[in-house]
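Chain by chain, the residues:
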Amino acid sequence: MAQIVPSILSADFARLAEEIAKVEQGGASMLHVDVMDGHFVPNLTIGPPVVKCIRKVTRMTLDVHLMMTNPEPFVAAFVEAGADQISVHQEACPHLDRALRLIQSEGALAGVVLNPSTPITMLEEVLGTADFVLLMSVNPGLGGQKMIPRALDKVRSLASRREELGLKFPIEIDGGVTEENLAEVVRAGVDWVVAGATVFCNPDPAATVARMQQIAANAPALRT
Ligand code: DX5
Ligand code: ZN
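Reading the values: rules and limits
For every chain, the first residue of the written sequence is number 1, and numbering continues from 1 along that sequence. Each chain is given a letter, starting from A, and each ligand a number, starting from 1, according to the order in which they appear as written. The model is predicted, so local features are restricted to residues of pLDDT at least 70 and side-chain atom pairs to those at 80 or more, both for listing and for counting; the totals for chains, interfaces and linings are taken over all residues. Note: side-chain values were computed over all heavy atoms of the structure, leaving out hydrogens and water. Going along the chain from the N terminus, every DSSP run of H or I of four or more residues is numbered as a helix, and every run of E of two or more is numbered as a strand. Radius of gyration: over C-alpha atoms. The globule rule applied is 2.2 Å multiplied by the number of residues raised to the 0.38 power. We call a residue buried when its accessible area falls under 20% of the maximum for its residue type, exposed when it is over 50%, and partly exposed in between, using a 1.4 Å probe and counting protein chains only. Surface exposure here means Shrake-Rupley accessible area, sampled with a 1.4 Å probe, where a residue is shielded only by the protein chains that are shown. His is not counted, nor are the chain ends, whereas Lys and Arg count as positive and Asp and Glu as negative. Here the site of a charge means NZ on Lys, CZ on Arg, CG on Asp, or CD on Glu. Sites may look incomplete because water is not among the atoms; the donors themselves are N, O and S atoms within 2.8 Å of the metal, or within 3.2 Å for Na, K and Ca. Square planar and octahedral assignments, for four and six donors respectively, both demand that opposite donors be over 155 degrees apart and that all other angles lie between 65 and 115; tetrahedral needs four donors with all angles between 85 and 135 degrees, and anything else is irregular. Here, a salt bridge means any side-chain nitrogen of Lys or Arg that lies within 4 Å of a carboxyl oxygen of Asp or Glu. In this scheme Phe, Tyr and Trp rings, the latter by its six-membered ring, pair at centre separations within 6.5 Å, and the angle between planes marks the pair as stacked below 30 degrees, edge-to-face above 60, and tilted otherwise. Remark: a charge is flagged as sitting over a ring if the NZ atom of Lys or the CZ atom of Arg is within 6 Å of the ring centre and within 35 degrees of the ring normal. Any two strands between which DSSP finds at least two bridges are classified as paired. Fitting a line to C-alpha atoms yields each axis, with helices limited to the stretch in contact; the angle taken between N-to-C directions then spans 0 to 180 degrees. When checking whether two residues touch, look at their non-hydrogen atoms; a contact exists if any pair is within 4.5 Å. With the strands aimed away from the viewer, a crossover counts as right-handed if its path from the first strand over the helix to the second runs clockwise.

A.B. asks: Teacher, can you tell me more about the overall build of the chain here?
C.D. replies: The number of helices and strands found in the chain is eight helices and eight strands. For the chain, the C-alpha radius of gyration of 16 Å lies close to 17 Å, the compact-globule estimate for 224 residues. When its C-alpha atoms are laid out on the principal axes, the chain stretches across 40 × 40 × 30 Å. Burial analysis of the chain (224 residues in total) assigns 54% to the buried set. In the structure as shown, the chain presents an accessible area of about 9900 Å², 53% of it carried by carbon and sulfur atoms. Charged side chains in the chain number 18 positive and 26 negative. The centres of these two groups are separated by 3 Å.

A.B. asks: Can you walk me through the coordination of the zinc ion (ligand 2) in this structure?
C.D. replies: Tetrahedral coordination by four donors puts the ideal angle at the metal at 109.5 degrees, and octahedral coordination by six puts it at 90 or 180 degrees. Note on the zinc ion (ligand 2): its protein donors are His 32 (NE2), Asp 34 (OD), His 65 (ND1) and Asp 174 (OD). The metal-donor distances range over 2.1 to 2.3 Å. Note that the zinc ion (ligand 2) binds six donor atoms; their angles at the metal cover 70 to 169°, and the shape is octahedral. For the zinc ion (ligand 2), all donor residues lie on one chain, and their spacing in sequence is H-x1-D-x30-H-x108-D. Of the two residues, Asp 34 is situated in strand β2 (residues 30-36) and Asp 174 in strand β7 (residues 171-174); the sequence distance between them amounts to 140 residues.

A.B. asks: Help me understand the pattern of salt bridges in this model?
C.D. replies: Opposite charge on two side chains allows them to pair when their charged atoms are near. Counted by the stated rule, this structure contains 10 salt bridges. Residues Glu 19 and Lys 22 are paired through a salt bridge, measuring 3.0 Å at the closest nitrogen-oxygen approach. A residue pair is termed a helical-turn pair when its members lie 3 or 4 positions apart in one helix, as Glu 19 and Lys 22 do in helix α1 (residues 16-25) at three residues. Owing to a relative accessible area of 7%, Glu 19 belongs among the buried residues under this scheme. Judged by its relative accessible area of 30%, Lys 22 falls in the partly exposed class. Between Arg 161 and Glu 124 there is a salt bridge, with its nearest N and O atoms 2.5 Å apart. With Arg 161 in helix α5 (residues 150-165) and Glu 124 in the loop between β5 (109-114) and β6 (132-136), the pair connects residues that are 37 residues apart, well separated along the chain. On the basis of relative accessible area, Glu 124 is assigned to the partly exposed category, the value being 31%. Each of the salt bridges in this network shares a partner with another, and the network as a whole consists of Asp 12, Arg 15 and Glu 18.

A.B. asks: When you look at the packing of aromatic side chains in this model, what are you seeing that I'm missing?
C.D. replies: Each aromatic ring pair is described using two quantities: the centre-to-centre distance and the angle formed by the ring planes. Here the structure, examined in full by the defined rule, presents one aromatic pair. Between Phe 132 and Trp 192, the ring centres sit 5.2 Å apart and the planes meet at 55°, which makes this aromatic pair tilted. Of this pair, Phe 132 sits in strand β6 while Trp 192 sits in strand β8 (residues 192-195), and the two are 60 residues apart along the sequence. Assigned by exposure class, Phe 132 and Trp 192 land together as buried. Note that Arg 162 overlies the ring of Phe 169, its terminal NZ or CZ placed 5.8 Å from the centroid.

A.B. asks: I keep staring at the sheet that holds β6 and nothing clicks. Help me out?
C.D. replies: Sheet strands pair via backbone hydrogen bonds, and the direction of the pair is either parallel or antiparallel. Overall, parallel pairing links the eight strands, which are arranged β1-β8-β7-β6-β5-β4-β3-β2 in an open sheet. Each edge of the sheet is formed by a strand with only one pairing partner; in this case those strands are β1 (3-6) and β2. In this sheet, neighbouring strand axes are inclined to one another by 25° on average, regardless of whether the strands run parallel or antiparallel. α5 contacts β5, β6 and β7 of the sheet and is inclined by roughly 170° relative to β7. Where helix α8 (residues 205-218) meets the sheet, it contacts β1 and β8, and its direction lies at approximately 150° from that of β1.

A.B. asks: Just to check I follow, could you spell out the pairing of strand β4 (residues 85-89) for this structure?
C.D. replies: Each regular strand shows side chains that alternate between the opposite faces of the sheet. Summarising burial for β4: five of the five residues are buried, a large majority. As paired strands, strand β3 (residues 61-67) and β4 are joined by four bridges and run parallel to one another. Residue pairing in the sheet places Leu 66 in a bridge with Val 88 of β4. Handedness of the β-α-β unit built from β3, helix α3 (residues 72-81) and β4 comes out right-handed. Looking at chain direction, β4 and β5 are connected through five bridges and run parallel. Each bridged residue has a counterpart across the sheet, and for Ser 87 the counterpart in β5 is Gly 111.

Written out as C-alpha cells, the structure reads:
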C-alpha cells in the first residue's frame, strides 16, 4: 500500500519535535528530510546535527533527500546522524553508481532522484542498483509549489520499465501533492508519496496524514 511521507520542510522548525509527533500520531511511518545546499538548489536548510536531533525524537524511518552538489563526502555523517535512507540527484552525481554504492556501504538504503526535466532513461544503468527512485514533481528548492502534471507520465513510464525489468524498487514522488491529486498520484504507480505543505500548513497535521493515508488506501492502483 502507498505510504504518505510527511516532509518537514513546511513544519515549524522552532517546534520540530511537536510537529514530528503529530505526523507520527497520524500514522506516518516515514519522515522526509530535505537537505538543501544553496548551490544545487536556491535555498538552504539543515545538515547532520539536525538529523541527529530528529533521530532522538522519532522512530519513523528517516528519508533524507540530499539536494546538494558533491553529496558523497556527507553521506557517512548523515548515516551516523540517523538517516535510514538517503537519496542523491542524478544531476548532481557524475559518479552516480559509486554514490549509490557508498550510501549502501554505509548501511542506508540508496535512492536516486530526478529533476522534472531529466528523462527516466538517465537511470537505465542504475535501476538494478538503486534501492528506490524519487521523481521530483516540482523543481526542487521550495515547498508549496504546484505539481508539474507531466511528472505522473514519468511515474507511469518508470513503473512500466520496472515491470519489464522484473525489479521491485519503490517509486517515490516529491512536490505538489494535495488531497485532491493524491488518488491520481497513487494510481499512476507511486509507492511513497511525499507531502509537505499539504500536511504541515494544515491546522491538524495528524488528521491530514490519517485522511491522506485513507485516500491512498482507497485509490485502486493500476499496476501493469
Ligand atoms: C522540494 C522538496 C520537497 C518539499 C515538497 O524541493 O524536495 O520535499 O518539501 O513540498 P510540497 O509537498 O509542499 O510540495
Ligand atoms: Zn524532498
